[in-house]
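Each chain, written out:
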2 protein chains.
Amino acid sequence: MASPQPQPQPQPSWLPPQLTTSPSPTIHALTTSLLPPLLSALSRIGLALRSSHRVSLAGSSNSFGDDQLNVDVACETIMRAALAQCPLVATASSEEDPEERQILHPDEPSENISSDERFSVAFDPLDGSSIIAANWTVGTIVGIWKGDSALGKDPSEQICSLMGVHGPRTTVIVAVREKAQDRGVCFELGLNDDGTVEVINHDVRLSAPPYKTRYFAPANLRYAAESPAYAALISSFITNKYTLRYCGGLVPDLGHILTKGHGVYVSPVAETSKAKLRRLYEVLPVGLVVECAGGKAVDEFGRRVLEKEVRGCDERGGIIFGNEDEVEEVVRVLFG
Amino acid sequence: MASPQPQPQPQPSWLPPQLTTSPSPTIHALTTSLLPPLLSALSRIGLALRSSHRVSLAGSSNSFGDDQLNVDVACETIMRAALAQCPLVATASSEEDPEERQILHPDEPSENISSDERFSVAFDPLDGSSIIAANWTVGTIVGIWKGDSALGKDPSEQICSLMGVHGPRTTVIVAVREKAQDRGVCFELGLNDDGTVEVINHDVRLSAPPYKTRYFAPANLRYAAESPAYAALISSFITNKYTLRYCGGLVPDLGHILTKGHGVYVSPVAETSKAKLRRLYEVLPVGLVVECAGGKAVDEFGRRVLEKEVRGCDERGGIIFGNEDEVEEVVRVLFG
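Read on for an overview of the structure. (Residues numbered from 1 in each chain as written. Chains lettered and ligands numbered in written order. Predicted model: local features only at pLDDT ≥ 70, side-chain atom pairs only at ≥ 80, totals over all residues. Heavy atoms only, no water.)

## Comments concerning the overall build of chain A
How we decide: Comment: elements are numbered from the N terminus, with helices defined as DSSP H or I runs of at least four residues and strands as E runs of at least two. It is over C-alpha atoms that the radius of gyration is taken, and the globule rule equals 2.2 Å times the number of residues to the power 0.38. Think of it in three bands: with a 1.4 Å probe and only protein chains considered, a residue is buried below 20% of the maximum accessible area for its type, exposed above 50%, and partly exposed in between. Every residue pair with non-hydrogen atoms within 4.5 Å of one another is taken to be in contact.
A tally of regular secondary structure across chain A gives seven helices and 17 strands. Rg of the C-alpha trace for chain A: 19 Å, near the compact-globule value of 20 Å for 336 residues, within the 12% margin. In terms of overall dimensions, chain A has C-alpha extents of about 65 × 45 × 35 Å along its principal axes. Every one of the 336 residues in chain A was classed for burial, and the buried ones make up 59%. For chain A, the proportion of contacts with a sequence separation of at least 24, taken over those separated by at least 6, is 63%.

Shown next as structure tokens:
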């Protein structure tokens, strides 16, 4: 006996118009049944962080061997609870538990839901562990894939990503693109403690040249000591009077670029300087946001990050993202 | 007829032991009657920022000609309300209203309070306007001076400073040093929304070499394009594999160094690159925190920032601060 299908949900008032006008079943399911509980989870993570004054190691380590902080564990728990409540979520994996597993919904099994309304969720509950003790802004990253798995799929199947920004306020940047050829939409919301949601910007969009102020965010700057190309790039940023803004948190560094409408983030990779960013939990969700905001995101070889599928949860890579012309110039300097 | 003196207040439980054992009348007044309302104000600023999703210009500008944000105005109002409630505060000035003015307390005039229990407060209600829209951590800076004025006084009269850190949590770093020859104390507290205060660290202290990881925060990096000395310094940081952490907010950049126990912040000044930091609201309060944490803070000439008095509210300067040996090395490279 099949369980009842979930009741149709109303369209949230904070959605941008592009997503409310004759949405496909997939977009309708995503925006009415999956995004609302995820936004609530991000809001609860913000609340949990606010009282976590004594950030300490939880005494366990995740599968990548990183030390886990007690706040990592709290954020993971909040995300998992939200996914368990949402029958549309067929599978999930996270940076803290990097194996794609079925999410059980005993009352409403995901198998009973039409395949174009089922999703796989990949998330990093707390991005920025190295700066949380200093009380700097950190993030939560979520990638949402069509169907029952994110692995081995064309990256265009990742139709939505969210960057929860936990700073003085709790905000979220959302990107949605249903088909590879669409322009996509990127918008920013404010999440209040009482669960209400405010629209900050319905159309987050990187600027076109000429720019008033130009920003750069050089990750792994120490690598410039070994790489003449990276050193030349840094010199050219300085000579050309770019303003440095680099907090070392992927989400806030991305958020700064989107808020200012300009910036270029460079995380180079080399034999002596292994890639640290996870493609499934960090690189691909960021790639979707950047492209939906009109920018460009390429990997450590200068190729579009959203071109190559993710084969395993622990795959890592580099990323260069920002305004299209800036990224192209960085690629030219780094790769010739 | 003299108004009644304020009732003696109990010692707050969050004070470090150095400040509770036979405190002088000045320290007793400071810690029991002035710090508690200031911590409440910082907590309220955190609350105000949390709901300020639409950060926008307030349509006015302060006396320095900066554009004022609506959140600047809200934070200034909260601070002024706290000072008005505290009879020990004789005068105050702020970056938003940079003129030292008497604070009126009609019920308990400050003149009735013994001169060694009267204070002048200098504050920057919201430091980091350029990064607040991106939802990055920002700060509130408070300098507390003995007596009725901060101007023209020996900087050792600044006996306390507070760095409110508004990030995922609301925290505060407090430095207290009553006499120039004292070592001073630096401690960190967590401020909860309900007004309760938690001790995070009663003894904030910079590490001594050897360091595990070394951090640098180069402000005004564009100046390296003009200054061979600054360019050489940056190169040496890169060559020596220092880790870059620079968010561009003075308070969070200081907080990161204190949390990690290591780091050096460099804000150079030159003819072509005028000083932006205000000595009264930024440089001197930071200097006290750094020294009380066992570090060193020097100005753009390599002199201790706490050596020269502040002659006017709009005086500006550069600053280099962090672990003593690191600051000395920077001074050597920059000034020979």
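## Concerning the relation of the copies chain A and chain B
Inclusion rule: When the copies are superposed, the least-squares fit takes in the C-alpha atoms of residues with a pLDDT of at least 70 in both.
It takes a turn of 180° to lay chain A on chain B, together with a shift of 0.0 Å along the axis; the resulting RMSD is 0.0 Å. Taken together, the rotation angle and the small translation identify this as a two-fold axis. Both copies share a contact surface, since 100% of the interface residues of chain A are interface residues in chain B too.

## Here's the deal with the sheet that holds strand β4 (residues 97-102) of chain B
Residue and element names in this part refer to chain B. The condition that has to hold: A pair of strands counts as paired when DSSP detects no fewer than two bridges linking them. Note on method: axes are straight lines fitted to C-alpha atoms, helices fitted across the in-contact stretch only, with angles between N-to-C directions ranging 0 to 180 degrees.
Taken in spatial order, the eight strands line up as β4-β3-β5-β6-β7-β8-β9-β10 in an open sheet, and their pairing is mixed. Two strands close off the open sheet at either side, each with one partner strand: β4 and β10 (197-201). Mean inter-strand twist for the sheet, computed between neighbouring axes without regard to direction, equals 20°. Sheet strands touched by helix α2 (residues 70-84): β3 (89-94), β4, β5 (119-127) and β6 (138-146). Its angle to β5, the strand with the most contacts, is close to 160°. Contacts between helix α6 (residues 279-292) and the sheet are confined to β3, β4, β5, β6, β7 (158-166), β8 (170-176) and β9 (185-191), with β7 contributing the most and set at about 100° to the helix.

## Some remarks on empty space enclosed by the protein
Threshold: The pocket and cavity definitions rest on a 1 Å grid over protein atoms only: a 1.4 Å probe that fits but cannot leave marks a cavity, an open set with protein on both sides within 12 Å along at least five of seven lines marks a pocket, and residues lining either have an atom within 4 Å of a point. Grid points are joined across faces, edges and corners, and a volume is the space filled by probe spheres set on the points. Gly is put with the polar residues, along with every residue not named as nonpolar or charged; the nonpolar set is Ala, Val, Leu, Ile, Met, Phe, Trp, Tyr, Cys and Pro, and the charged set is Asp, Glu, Lys and Arg.
Going through the model one piece at a time under the given rule, you end up with seven cavities of 30 Å³ or more. When its volume is computed, the largest cavity comes out at roughly 50 Å³. If you trace the largest cavity, you find it lined by Arg50(A), Gly167(A), Pro168(A), Arg169(A), Gly46(B), Arg50(B), His166(B), Gly167(B), Pro168(B), Arg169(B) and Thr170(B). Residues of the lining of the largest cavity, tallied by class, amount to two nonpolar, five polar and four charged.

## Describing the pairing of strand β6 (residues 138-146) of chain A
The side chains of a regular strand alternate between both faces of the sheet. Residues and elements named next belong to chain A. Burial within β6 is extensive, with eight of its nine residues counted as buried. With seven bridges joining them, strand β5 (residues 119-127) and β6 adopt antiparallel strand pairing. Bridge pairing in β6 places Phe123 opposite Val142. Relative to strand β7 (residues 158-166), β6 is paired through eight bridges, and the arrangement is antiparallel. Counted as the bridge partner of Thr140 is Gly164 from β7.

## Notes on the interface of chain A and chain B
For clarity, the threshold we go by: Summed over both partners, the accessible area lost on bringing two parts together, with a 1.4 Å probe, is the buried area. Think of a salt bridge as a Lys or Arg side-chain nitrogen and an Asp or Glu carboxyl oxygen that are within 4 Å of each other.
With 52 residues of chain A in contact, the opposing surface of chain B contributes 52 residues. For the pair chain A and chain B, the summed buried area comes to about 4,700 Å², and 55% of that belongs to carbon and sulfur atoms. Considering only the side of chain A, the residues that lose the most area to chain B are His53(A), Asn135(A) and Arg169(A), jointly responsible for 19% of the buried surface there. Our enumeration of links across chain A and chain B arrives at two salt bridges.

## Some words on the pattern of salt bridges
Residues and elements named next belong to chain B. According to the stated counting rule, one finds 32 salt bridges over all chains in the structure shown. One salt bridge in this structure joins Glu326 and Arg214, with 3.1 Å as the shortest N-O distance. Of this pair, Glu326 sits in helix α7 (residues 324-335) while Arg214 sits in the loop between β10 and β11 (215-218), and the two are 112 residues apart along the sequence. With a shortest N-O distance of 3.1 Å, Glu309 and Arg311 are connected by a salt bridge. Exposure remark for Arg311: the relative accessible area of 59% places this residue in the exposed category.

## Side note on the environment of Thr20(B)
Residues and elements named next belong to chain B. As for its placement among the helices and strands, Thr20 is situated in the segment before α1 (25-50). Overall, Thr20 belongs to the partly exposed group, its relative accessible area being 26%. For the pair Thr20 and Val204, spaced 184 residues apart in sequence, the C-alpha separation works out to 17 Å. Excluding anything up to four places from it in sequence, Thr20 contacts Gln11 and Leu15.

## Points about the pairing of strand β3 (residues 89-94) of chain A
All names here are of chain A. For β3, the buried fraction is high: six of the six residues fall into the buried class. When β3 meets β5, the two strands line up parallel, connected through five bridges. Its bridge partner being in β5, Thr91 is matched across the sheet by Ser120. Here β3 pairs with strand β4 (residues 97-102) via three bridges, running antiparallel. Paired with Ser94 across the strands is Asp97, a residue of β4. Connecting the antiparallel pair β3 and β4 is a turn made up of two residues.

## Remarks on unusual backbone geometry
Residue Pro210(A) follows Pro209(A) across a cis peptide bond; omega there is 0°. Here Pro210(A) shows up in the loop between β10 (197-201) and β11 (215-218). Even without being a glycine, Ser22(B) presents a positive backbone phi close to 35°. Within the secondary structure, Ser22(B) sits in the segment before α1. Taking relative accessible area as the criterion, Ser22(B) reaches 67% and is therefore assigned exposed. The backbone of Lys241(B) sits at a positive phi, close to 60°, despite the residue not being glycine. Here Lys241(B) is to be found in the loop between α4 (228-239) and β12 (243-244).

## Quick look at the nonpolar core
What counts, and what does not: Nonpolar cores are built from buried Ala, Val, Leu, Ile, Met, Phe, Trp, Tyr and Cys residues. Side-chain atoms within 4.5 Å join them into one set.
By size, the foremost hydrophobic cluster in this structure holds 115 residues, and its most contacted members are Tyr265(A), Ile319(A), Phe321(A), Tyr265(B), Ile319(B) and Phe321(B). Beyond its immediate sequence surroundings of up to four residues, Ile319(B) is in contact with Tyr265(B), Val266(B), Ser267(B), Leu277(B), Val283(B), Val286(B), Ala297(B), Val298(B), Asp299(B) and Val305(B). Core analysis: the second largest hydrophobic core is formed by 98 residues, Ile78(A), Leu126(A), Ala82(B) and Ala92(B) among them.

## Topic: the sheet that holds strand β8 (residues 170-176) of chain A
Residues and elements named next belong to chain A. Strand order in the open sheet formed by eight strands is β4-β3-β5-β6-β7-β8-β9-β10, with mixed pairing between adjacent strands. At either margin of the open sheet sits one strand with a lone partner, and together these are β4 and β10. Averaged over all neighbouring strand pairs, the angle between strand axes comes to 20°, with direction disregarded. Across seven bridges, β7 lies against β8 in antiparallel orientation. Residue pairing in the sheet places Leu162 in a bridge with Val174 of β8. Running at roughly 160° to β5, helix α2 (residues 70-84) makes contact with β3, β4, β5 and β6 of the sheet. Contacts from helix α6 (residues 279-292) reach β3, β4, β5, β6, β7, β8 and β9 (185-191), with the element oriented near 100° to β7.

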